[in-house]
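The lines below spell out each chain.
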Amino acid sequence: MVPVGKLLLYEGEVLDTIGGYPTLYHYLPAASEAGEGTNPLIVCVPGAVHSARVFYGGHQGCRQSDFLAYWLSKLGFGVLSLSYPIETTPSLMSLTAANFRIRDWGQQAAETIKKVMHNESLQTSSVVLISWSMGGRMVVPFTIAAKELGLDVKQFISFAATPGISSIRSNHAVRTCSAAGYFNIQSRLENFCDQLHTMGILN
């Protein structure tokens, strides 16, 4: 882990403010020379209540081969994993994005990709977007922003992603917020832990 102020980041993670909001991203270059410079950049976006670490790991004791980014890299793809502003314990990023919306999400993702392509001197402007669950909601604003920035979105791969249709859920759902103004997800965390425990027993 790398200390950044009071925050602890995993190797390869970058904490930044892009599009006016905090973000944490991780770039894993292609491990194979096959298709180097011609393959599109794979961009991974997580769903609700998760950071992009679900794609690359990094925690103590983890096996890289348990994570998607490792295998995509071995196949010759660079992999960029993007964490949107999220409230965690311990904190991953500053809690300054209570007004972060889906349009902001798409814009931030596109700007981050453009920045990483420049910083890493990538020879491609092509992107394949992978969104998991709620990440599907940012596809339309992302595609619009990406086009404006000169990115070529070749494909969208949905990992059980939620369609970007606002009416798909009831507008009358009860939502509570944390003190920082973020969506309160404690019950969902408990549910995820129960599911992980069950899967651990099955495995």
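Up top is the structure these notes are about.
Position numbers for residues count from 1 along each chain, tracking the sequence in the order it is written. In keeping with the predicted nature of the model, local features appear solely for residues at pLDDT of at least 70, side-chain atom pairs appear and are counted solely at 80 or more, and the whole-chain, interface and lining totals rest on all residues. Where side-chain values are given, they derive from all heavy atoms of the structure, hydrogens and water being excluded.

Chemist: Quick rundown of the overall build of the protein chain? Include the residues and the values.
Modeler: Each helix and strand counted, the protein chain has five helices and eight strands in total. Going from N to C terminus, the protein chain has its helices and strands arranged as β-β-β-β-β-α-α-β-α-β-α-β-α. Here the protein chain holds 203 residues, and 39% of them are scored as buried. Across the protein chain, the fraction of contacts at a sequence separation of at least 24, relative to all contacts at a separation of at least 6, is 76%. To qualify as a helix, a DSSP run of H or I must reach at least 4 residues; to qualify as a strand, a run of E must reach at least 2; elements of each kind are numbered from the N terminus. The buried label goes to any residue with under 20% of its type's maximum accessible area, the exposed label to any with over 50%, and the partly exposed label to all in between, with areas taken from a 1.4 Å probe on protein chains only. A contact between two residues is defined here by any heavy atoms of the two lying within 4.5 Å.

Chemist: Explain the side chain of Asp16 to me, and be specific about the residues and the numbers.
Modeler: Take Asp16: it is sitting in strand E3 (residues 13–18). A polar side-chain atom of Asp16 sits 2.4 Å from a polar atom in the side chain of Lys115. Aside from chain neighbours lying at most four places away, what touches Asp16 is Tyr21, Pro22, Thr23, Tyr25 and Lys115. Distance and chemistry together define a polar contact, namely a pair of N or O atoms within 3.5 Å, with one atom able to donate a hydrogen and the other to accept it when in protein, and with adjacent residues in sequence counting only for side-chain atoms on both sides.

Chemist: Summarise the nonpolar core; cite the residues concerned and give the values.
Modeler: Definition used in this section: a nonpolar core is a set of buried Ala, Val, Leu, Ile, Met, Phe, Trp, Tyr and Cys residues joined via side-chain atoms within 4.5 Å. By size, the foremost hydrophobic cluster in this structure holds 42 residues, and its most contacted members are Val43, Leu80, Ile113 and Phe142. Listed by contribution, the elements that provide at least two residues to this core are strand E4 (21–28), strand E5 (41–45), helix H1 (53–56), helix H2 (68–74), strand E6 (79–83), helix H3 (102–119), strand E7 (126–132) and helix H4 (139–148). Broken down by element, the residue count for this core peaks at six residues, all from H3. Dropping the residues within four chain positions of it, Leu80 is found in contact with Tyr25, His26, Tyr27, Leu41, Ile42, Val43, Cys44, Thr112, Ile113 and Val116.

Chemist: Residues and numbers for H3, please.
Modeler: Since the α-helix turns once every 3.6 residues, residues separated by three or four places project in the same direction. For a helix, the expected span equals 1.5 Å multiplied by the residue count minus one. In this model, H3 (18 residues) spans 26 Å end to end at C-alpha, consistent with the 26 Å of a helix rising 1.5 Å per residue. Taken together, the buried positions of H3 are occupied by Trp105, Gly106, Gln108, Ala109, Ala110, Thr112, Ile113, Val116 and Met117. Residues of H3 that are buried in the fold lie against E3, E4, E5, E6, E7 and H4.

Chemist: Break down the packing of H3 against H4 for me, with residues and values.
Modeler: Note on geometry: axes are lines fitted to C-alpha atoms, helical ones only across the stretch in contact, with angles between N-to-C directions running from 0 to 180 degrees. Contact geometry of H3 with H4 gives a least axis separation of 7 Å together with a crossing angle of 40°. It follows from the interaxial angle that H3 and H4 lie oblique. Considering only the axes of H3 and H4, their crossing is right-handed. The segment H3 lies against H4, with Ile102, Arg103, Gly106, Gln107, Ala109, Ala110 and Ile113 engaging Pro141, Phe142, Ala145 and Ala146. Angle categories are assigned with fixed cut-offs, so that under 35 degrees is roughly parallel, over 145 is roughly antiparallel, 65 to 115 is roughly perpendicular, and the rest are oblique. The hand of a helix crossing depends on one turn: near helix anticlockwise from the far one by less than a right angle means left-handed, and clockwise means right-handed.

Chemist: Residues and numbers for the sheet that holds E7, please.
Modeler: A sheet is described by the order of its strands in space; here six strands give the open sequence E3-E4-E6-E5-E7-E8, paired in mixed fashion. Both outer strands of the open sheet, E3 and strand E8 (152–159), are each paired with one neighbouring strand and no more. Across the sheet, the axes of successive neighbouring strands diverge by a mean angle of 25°, strand direction being ignored. Note on pairing: DSSP must find at least two bridges between two strands before they are called paired. Relative to E6, E5 runs parallel, the two sharing three bridges. Looking at E6, one finds that Cys44 is bridged to Ser81.

Chemist: Outline the pattern of salt bridges, listing residues and values.
Modeler: Think of a salt bridge as a Lys or Arg side-chain nitrogen and an Asp or Glu carboxyl oxygen that are within 4 Å of each other. Counted under the stated rule, the structure contains four salt bridges. Linking Lys115 and Asp16 is a salt bridge whose minimum nitrogen-to-oxygen distance equals 2.4 Å. Of this pair, Lys115 sits in helix H3 while Asp16 sits in strand E3, and the two are 99 residues apart along the sequence. Its relative accessible area of 33% is what places Lys115 among the partly exposed residues.

Chemist: Describe the packing of aromatic side chains, and please don't skip the residues or the numbers.
Modeler: Whether two aromatic rings pair depends on their centres lying within 6.5 Å, for rings of Phe, Tyr and Trp, where Trp uses its six-membered ring; planes under 30 degrees apart make the pair stacked, over 60 edge-to-face, and the rest tilted. Within the structure shown, the criterion is met by three aromatic pairs. Ring geometry for Tyr21 against Phe100: centres 4.9 Å apart, planes inclined by 80°, an arrangement best described as edge-to-face. Here Phe100 lies in the loop between E6 and H3 and Tyr21 lies in strand E4, a separation of 79 residues in the sequence. For the pair Tyr21 and Phe100, a shared accessibility class is recorded, and that class is buried.

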